[in-house]
Amino acid sequence: MPEKASRHTLGSLHVSLLVVALLLPNLPLLSSSSSPSLKPSTPPSSIPMGPLPKNLPDIHPWPLPLCDERATLRSKYNTTYSSPRLQWKTTLSDISYPVRPIIGYDDSIILVNRNDFGSFIYMLNSDGTVRWGKYLQDWFLNKASLGRQGDIYVTGWKGPSWSCPEESGLFVFDYNGALKWKYTVKWEYNTSTGRPIKGFPISTPVEGPDGHIYIKAYAFYPNGSVKWIIPYNESTSGLYETFYNRIGPDGMLYSYHDEYNDLYLCCINSSNGNIVYRKYFENYSEDYIFGFSITDNNLLIVSSARYVLCLYPNGSVKWSYEGPQSSGPWYFSDVGIRNGGDIVVLGGNDTVASLFILNPDGQLINRFVIARAPSDPSEHISTNLVAIGGENTIYYSISNHTDHNWKSPTNLTAMYPNGTVKWTLSFPNYIEAAINSNGSLIVVDYDAVYSFGHTLPAPPQNISSQEGNSFINFSWDPPSDDGGYPITSYRVYRSSGNSSFSLLSTLPAPTTFFNDTALINGENYTYYVTAINRIGESPPSVKLTTSPFRYPDPPSNLTATPGNSFIILSWNCLLYTSPSPRDLSTSRMPSSA
């Protein structure tokens, strides 16, 4: 069973915990060659990379499917935009099932996906353009992870299904997409029982603090040489399944898995591969594990269907949580850790799906109902805990599907820590997501990759002017959309005659007017204004063309000659005539009292 394959589903009269085959079982095998064929899928142009940063522990915003080696789902970057703004969308026809993306140190996006004949690996730039793509024929890859030196690790298998592979192994690519090394193992099976006796786990690789790569029963040095192997036998068979693989703050490797429907926690010394303990949880044994995270202080949080367990590093139970029994038994799925240590868990019963917030001692802080059972018993609601922002905003998705058809409408919702919904986005299909260093949410569905977050502001609007003697005083209104960040300043640009536009002035917000002086009366000047937020500069406003002028001098030597029922007025001509295009075509006299 692939890691994170399960999705909590809510039926009209029952809660069914369905398994989604993220690794798409029963894919046809086309070739028996042991060496993968590497070729690009409609190859994009490759962009040369500069030198990679070295030995920087926090260069990757989201290096693993569940964010980090402890699977907290927690980003350190804020996602404070109050409403979703689409930054870009890239369509990729090769996405057969959305897999949670990996975010690189330069906010590049790494995607792994499969079709009926092999697997694709893509790297997108932070603006959504494709940097490179690779194709591995006959190999079906699982989720990827990213090392601190920029190496991409991904496991995969060959054969009719992930549950009964013919061969599996680890592939390591550099940041430019070149295959650095691989390690593959042919599976062997007991002819009497059909159970494996030799193989390689198809689990997400995890890089330890020492820079070594750990995949449950295997450990590798960065150059591809084997550090240690835990041999396959009856007691270690769970270490060859595709369940959970975590590294705690203590550097220990923790593997929570089921062995023939029994739940085990295995603690492995990452330095030598020795099994520190292998613990069976008889009182909490259910079908299989749904979530497994490790807190900042090295407590293990596990959701095993009906229970949320908190374990000490030695495997002993600190506390367990079953949910409010007055509304029937609860079934728990995804787990995440908020900043501050509170635990976020998805759960459901016969009627509703909820987000549970537990404190580090297992006490319920809040429960927020996020979905209710559909009236049609053939329909199901599937919930997925997507991410936790740096400011503890919770992102979760809800899909409405029938049976095992997961290509169905999905809503992605952002919730404030107090349970208030910030916003909801609708997608035609099931989605997965991750958070980059700008706080943008990178979303993958069956057809495309999206980026939501802060954007450039809209242009300033309603620009108007008041002209005078050698000056133009103009004003504008703020943009209709600030892009999610406050407007910090405005830039005024000017052009006169045949000259190009140049920056005239930068004004701090909230100033929305500018007086341009020392101008030539009668000459045309064209202006536009832009708005600045933390992301950058908006498109230009509507352009305004006008000219300064002065009113003419008053006429002089006004005389009046009376006549029979009339008066003849006369005066001297103007000393100054405005060169403005405005036509002063009439003279006006004040009316007599």
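All chains use their own residue numbering, which begins from 1 and follows the written sequence. It should be noted that, the model being predicted, local features are given only for residues of pLDDT at least 70 and side-chain atom pairs only at 80 or more, the latter also being counted only at that level, while totals for whole chains, interfaces and linings use all residues. No hydrogens and no water enter the side-chain calculation; it runs on all heavy atoms of the structure.

A. Here's a closer look at unusual backbone geometry. The residue after Ala509, namely Pro510, is reached through a cis peptide bond having omega 15 degrees. Per the convention used, a helix needs a DSSP run of H or I reaching at least four residues, while a strand needs a run of E reaching at least two, with both numbered from the N terminus. Among the secondary structure elements, Pro510 is positioned in the loop between β41 (502–508) and β42 (513–516). Despite not being glycine, Asn298 shows a phi value in the positive range, around 70 degrees. Among the secondary structure elements, Asn298 is positioned in the loop between β23 (291–294) and β24 (300–304). A relative accessible area of 7% places Asn298 in the buried class. Positive phi is not limited to glycine here, since Asn392 has a value of about 75 degrees. Along the polypeptide, Asn392 turns up in the loop between β31 (379–388) and β32 (394–402). Burial classes follow relative accessibility: with a 1.4 Å probe on protein chains only, a residue under 20% of its type's maximum area counts as buried, one over 50% as exposed, and anything between as partly exposed.

B. Representation of the packing of aromatic side chains. Aromatic rings from Phe, Tyr and Trp, taking only the six-membered ring of Trp, are treated as a pair when their centres fall within 6.5 Å; an angle between ring planes under 30 degrees marks them as stacked, one over 60 as edge-to-face, and anything in between as tilted. For the structure on display, the rule yields 28 aromatic pairs. Look at Tyr214 and Trp228: their rings are 6.1 Å apart centre to centre, the planes differ by 40 degrees, and that puts the pair in the tilted class. Residue Tyr214 is found in strand β16 (residues 213–215), and its partner Trp228 is found in strand β18 (residues 226–229); the two are separated by 14 residues along the sequence. We classify Trp228 as buried; its relative accessible area is 6%. Through pairs of rings, three or more aromatic residues link up here, namely Trp181, Tyr183, Phe200, Tyr218 and Phe220.

C. The arrangement of the side chain of Asp342 in detail. Structurally, the position occupied by Asp342 is in the loop between β27 (331–337) and β28 (343–348). Residue contacts follow a heavy-atom distance rule, with two residues in contact if any of their heavy atoms lie within 4.5 Å. Excluding its chain neighbours within four sequence positions, the residues that come into contact with Asp342 are Gly336, Ile337, Ile357, Leu358, Asn359, Pro360 and Ile365.

D. Structural context of the nonpolar core. Residues Leu355, Tyr395, Leu412, Leu441, Val443 and Val449 are the most contacted members of the largest nonpolar core, which totals 51 residues. When residues in this core are grouped by element, the largest group, 5 residues, is from β31. Excluding residues within four positions of it along the chain, Val449 makes contact with Trp88, Lys89, Thr90, Leu92, Ile95, Leu111, Leu124, Ile442, Val443 and Val444. Residues belong to one nonpolar core when they are buried, are Ala, Val, Leu, Ile, Met, Phe, Trp, Tyr or Cys, and are joined through side-chain atoms within 4.5 Å. Membership of the second largest hydrophobic core comes to 25 residues, among which are Leu64, Tyr214, Trp228 and Tyr232.

E. View of the sheet that holds strand β12 (residues 179–186). Pairing within the open sheet is antiparallel, and its 4 strands lie in the order β9-β10-β11-β12. Looking at the sheet topology across the chains shown, the edges are occupied by β9 (140–146) and β12. Strand after strand, the sheet turns through a mean of 15 degrees between neighbouring axes, direction not considered. One requirement defines pairing of two strands: DSSP has to find at least two bridges between them. Pairing of strand β10 (residues 152–158) with strand β11 (residues 167–173), which is carried by 7 bridges, proceeds in the antiparallel orientation. The residue of β11 that forms the bridge with Thr155 is Leu170. Convention adopted: a line fitted to C-alpha atoms gives each axis, helices being fitted over their contacting stretch, and angles between N-to-C directions are expressed from 0 to 180 degrees.

F. Quick peek at the sheet that holds β23. Spatially, the 4 strands line up as an open sheet ordered β23-β24-β25-β26, and their pairing is antiparallel. Where the open sheet ends on each side, the last strands, each with one partner, are β23 and β26 (317–321). Along the sheet, successive strands turn relative to each other by an average axial angle of 15 degrees, direction set aside. In this structure, β23 lies alongside β24, joined through 4 bridges in antiparallel fashion.

G. Seen up close, the environment of Ile567. Structurally, Ile567 can be placed in strand β46 (residues 566–572). Not counting chain neighbours up to four residues away, the residues in contact with Ile567 comprise Ala560, Thr561 and Pro562.

H. Just the confidence of the model for the protein chain, in detail. With 82% of its residues at a pLDDT of 70 or more, the protein chain shows a mean pLDDT of 82. Residue-level confidence of the predictor is summarised by pLDDT, bounded by 0 at the bottom and 100 at the top. Considering only residues more than four positions removed or in separate chains, one finds that residues 1–57, a stretch of pLDDT under 50, has 196 contacts. The model gives residues 580–593 a pLDDT under 50, and that stretch makes 11 contacts with residues more than four places away or in other chains.

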